[in-house]
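Residues per chain, in single letters:
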Amino acid sequence: MARRARAATAAKKGRPGAGDPGEIVLLVWTDYVGITRCRGVPVAQFKDRHATGLGWAVAGQALTPFEDIADNPWGPMTEVRQTPVLATETRIAIWDDAPAFHFALCDSMLAGRNWDCCVRGLLKDALADLESETGLSLAAAFEHEFLLSGNNLPWIVPFSVEQMRMVAPFTSDLTRALLIADVGLETVEPEYGVRQYEISCGPAIGVAAADRCVITREVIRETARRLGFRASFTPKPTPTSVGNGAHVHFSLVDAKGVNRTFDAGQPAQISIAAQRFAAGVVRYMPEFCALVAPSPVSYLRLGPHHWSCGYAAFGVQNREATIRACPSPDPAKSAKAFNLELRPPDATASPYMVLAALVRAGLEGIRQKLPLPAMLDRDPADYSQSERAALGVRPLPSSLGEALDLMLASKTVSSWLPDVMRDSYVAVKRKEIEMFAEATPEAMCQRYHDAY
Ligand code: GLU
Ligand code: MG
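Read on for a plain summary of the structure.

Scoring rules and cut-offs
Residues numbered from 1 in each chain as written. Chains lettered and ligands numbered in written order. Predicted model: local features only at pLDDT ≥ 70, side-chain atom pairs only at ≥ 80, totals over all residues. Heavy atoms only, no water. Buried < 20%, exposed > 50% of the residue type's maximum accessible area, 1.4 Å probe, protein only. Helix = DSSP H or I, 4+ residues; strand = E, 2+ residues; numbered from the N terminus. Pairing = 2+ DSSP bridges. Near = heavy atom within 4 Å. Polar contact = N/O pair within 3.5 Å; in protein donor to acceptor, adjacent residues only side chain to side chain. Areas by Shrake-Rupley, 256 points an atom, 1.4 Å probe, with all protein chains shown as cover. Nonpolar A, V, L, I, M, F, W, Y, C, P; charged D, E, K, R; others polar. Donors = N, O, S within 2.8 Å, 3.2 Å for Na, K, Ca; no water. Contact = heavy atoms within 4.5 Å. Phe/Tyr/Trp six-rings, centres within 6.5 Å; stacked < 30°, edge-to-face > 60°. Axes fitted to C-alpha atoms, helices over the stretch in contact; angles between N-to-C directions. Parallel < 35°, antiparallel > 145°, perpendicular 65-115°, else oblique. Left-handed = near helix turned anticlockwise from the far one by under 90°. Salt bridge = Lys/Arg side-chain N within 4 Å of Asp/Glu carboxyl O. Arc of directions from axis to C-beta.

## With respect to the pairing of strand β16 (residues 323–326)
Every regular strand shows the same layout, with side chains that alternate between the two sheet faces.
Here's step 1: Burial along β16 is two-sided: Ile323 and Ala325 and Arg324 and Cys326, pointing in opposite directions, are all buried.
Here's step 2: Pairing between strand β15 (residues 314–316) and β16: three bridges, direction parallel. For Val316, the partnering residue across the bridge sits in β16 and is Ala325.

## Looking at the site of ligand 1
Here's step 1: Neighbouring ligand 1 are the residues Glu145, Glu191, Glu198, Gly243, Asn244, Gly245, His247, Arg301, Trp307, Ser308 and Arg343.
Here's step 2: Between ligand 1 and Arg301 there is a distance of 2.7 Å, counted from an oxygen atom to a side-chain nitrogen or oxygen.
Here's step 3: Contacts to ligand 1 include Arg343, whose side-chain N or O atom sits 2.8 Å from an oxygen atom.
Here's step 4: When ligand 1 sits alone it has 300 Å² of accessible area, and the protein chains cover 90% of it.
Here's step 5: Split into classes, the residues belonging to the shell around ligand 1 amount to one nonpolar, five polar and five charged.

## What to know about the coordination of the magnesium ion (ligand 2)
Octahedral metals with six donors have ideal donor angles of 90 or 180 degrees. Tetrahedral metals with four donors have an ideal donor angle of 109.5 degrees.
Here's step 1: In the first shell of the magnesium ion (ligand 2), the protein supplies Glu145 (OE), Glu191 (OE) and Glu198 (OE), at 2.0 Å from the metal.
Here's step 2: Along the chain, the residues that donate to the magnesium ion (ligand 2) are spaced as E-x45-E-x6-E. Of this pair, Glu145 sits in strand β8 (residues 137–149) while Glu198 sits in strand β10 (residues 196–201); the two residues are 53 residues apart in sequence, bridging distant segments of the chain. Comparing Glu145 with Glu198, the two get one shared label, buried.

## A word on the environment of His306
Here's step 1: As for its position among the elements, His306 is in the loop between α7 (298–301) and β14 (311–312).
Here's step 2: Separated by 196 residues in the primary sequence, His306 and Leu110 have C-alpha atoms spaced 43 Å apart.
Here's step 3: Among all residues touching His306, those that are not within four sequence positions of it are Lys236, Arg301 and Glu320.

## Considering the packing of aromatic side chains
Here's step 1: Under the counting rule described, the total for this entry stands at 17 aromatic pairs.
Here's step 2: On the numbers, 5.4 Å between centres and 35 degrees between planes, the contact of Phe146 with Phe233 is tilted. Taken together, the positions of Phe146 in strand β8 and Phe233 in the loop between β12 (230–232) and β13 (248–253) put the pair 87 residues apart, joining distant regions of the chain. Exposure class is identical for Phe146 and Phe233. Each is buried.
Here's step 3: Between Phe250 and Phe277, the ring centres sit 5.6 Å apart and the planes meet at 45 degrees, which makes this aromatic pair tilted. Remark: Phe277 occurs in helix α6 (residues 272–292) and Phe250 occurs in strand β13; sequence separation between them is 27 residues. Take Phe250 and Phe277: they sit in the same class, and that class is buried.
Here's step 4: An aromatic cluster is present here, built from Phe146, Phe170, Tyr197, Phe229 and Phe233 joined pairwise through their rings.

## Describing the environment of Ala93
Here's step 1: You can see Ala93 is positioned in the loop between β5 (90–92) and β6 (101–110).
Here's step 2: The buried category is assigned to Ala93, whose relative accessible area is 11%.
Here's step 3: Separated by 84 residues in the primary sequence, Ala93 and Ala177 place their C-alpha atoms 8.4 Å from one another.

## With respect to the side chain of Ser232
Here's step 1: As for its placement among the helices and strands, Ser232 is situated in strand β12.
Here's step 2: At 3.0 Å, the side chain of Ser232 forms a polar contact with the backbone oxygen of His449.

## Regarding the packing of helix α11 (residues 400–409) against helix α13 (residues 419–435)
Here's step 1: Axis separation between α11 and α13 bottoms out at 10 Å; the angle between their running directions is 160 degrees. Viewed along their axes, α11 and α13 adopt a mutual orientation that is roughly antiparallel. By crossing handedness, the relation of α11 to α13 is classed as left-handed. Between α11, through Leu400, Gly401, Leu404, Asp405, Met407 and Leu408, and α13, the contact on the second element is made entirely by Arg422, Tyr425, Val426, Lys429, Arg430 and Ile433.
Here's step 2: Grouping the amino acids of the contact of α11 with α13 by side-chain chemistry returns seven nonpolar, one polar and four charged.

## Let's talk about the side chain of Arg324
Here's step 1: Note on placement: Arg324 falls in strand β16.
Here's step 2: For Arg324, the side chain forms a polar contact with the side chain of Glu341, separated by 2.8 Å.
Here's step 3: Sequence-distant contacts of Arg324, defined by excluding residues within four places in its chain, comprise His249, Gly315, Gln317, Asn318, Arg319, Asn339, Leu340, Glu341 and Arg343.

## A closer look at the pattern of salt bridges
Here's step 1: One pass over the structure, following the stated rule, counts 25 salt bridges.
Here's step 2: Of the charged contacts in the structure, one is a salt bridge between Arg91 and Glu23, with a shortest N-O distance of 2.9 Å. Remark: Glu23 occurs in the segment before β1 (24–30) and Arg91 occurs in strand β5; sequence separation between them is 68 residues.
Here's step 3: Between Arg37 and Asp31 there is a salt bridge, with its nearest N and O atoms 2.7 Å apart.
Here's step 4: A relative accessible area of 1% places Asp31 in the buried class.
Here's step 5: Through salt bridges with shared partners, a single ionic network connects Asp107, Arg120, Lys124 and Asp211.

## Thoughts on the pairing of β1
Here's step 1: Most of β1 is tucked away: five of the seven residues are buried.
Here's step 2: Bridge analysis of β1 against strand β2 (residues 36–42) gives seven bridges, and the strand direction is antiparallel. Residue pairing across strands places Val25 opposite Val41, the latter belonging to β2.
Here's step 3: Counting the residues that bridge the hairpin from β1 to β2 gives five residues, and of these Gly34 lies at a positive phi of roughly 75 degrees.

## Comments concerning helix α14 (residues 441–451)
Here's step 1: By the burial criterion, the buried members of α14 are Met444, Cys445, Tyr448 and His449. Summarising the axial view, the buried residues of α14 lie within an arc of 135 degrees, below the 170-degree limit, and thus occupy one face.
Here's step 2: Tucked inside the fold, the buried residues of α14 contact β8, β12, α7 and α13.

Rendered as structure tokens:
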């Protein structure tokens, strides 16, 4: 195992860190397949890149998570400027044996605005529409489930103290690193899967929520890497193991950041706006599944009885529903803490696309004044098919191919993406399907485990 990190900064000890000319700032962006790509500049030159960033050939947007690229409309000439968003700059310098982990997230800019296929721009546009039509924004927090491997980690009893203490140097470095990254760290815990862990952070408002997700994931990966582990966020490590979700807790907030999701006088204490928003999400969930569970392997995770979600349904504290309402156990905190949870997403999705789809679906529910869906108090799979039909509960697609077909057949959902983004996104996703058409589920899981 690599040497332990120390609390004191590396710079103070004369090790790599501030003042080290070898330090690199990574300009990073997240693409269609949810991979964080990067280019680097020497730290001394970072300032010169603040305004115009670095060029990047847009054909790269057609990359799969593997060493393949889908057919795309872009030639060898077109490029965007990957331009750092300075508020996202993150620098962690706690390791003795490595220079600082220093990066900034980027907007992909073309002619002074976000490029049509920039996922960060997609989310900004969705949020701007939500705000202009309702006066509301979205506060959101992703949950991060992942699996550790490496260092000959043995089988460990799930949820146990053993599972935490077996990797105590990792969890302690991770806590330190995430506190420095200022992502609102709340909990560090063992999960149900063997060698599976979970990190939860507090909500951030607007595009910062997706930024926070990317920063948190990359800091988790780096911390694992420094100690000789590997963290994998793949939706399904093997066909039979526990899945990794990337659930999103969200609430609607007003311009002052006040939670507008709670209303004590309404069914399930959900405000009218949030009822309509939730209804839109449930209504369009099968059609936008391809944006939040976007890999062939995602469909080994989704399904009933795994708490991952198999149906477009709604319920209070129902972990088998697409939307789980999460009232606070403390009535004094209800108004502030009340939130809803979107459960189908996984980490092969771009967090920007996840939140953009969530906002678009919710806004559609608000526009159409959709009523709150039926509140299910059981696993939707436990109802008969005719009961589900009567309750308006539809199954989620069972494969990525089906999910893409449903998306394309929906005029509403297809319109959420600019044409060039939708077509190129679908091409990348169809390429992934084609790559694994002949593969066994085991081999496919292994490839996604290694990529994510
Ligand atoms: N691991 C489950 C999933 O794939 C979620 C378990 C939980 O509720 O935390 O979504
Ligand atoms: Mg969990």
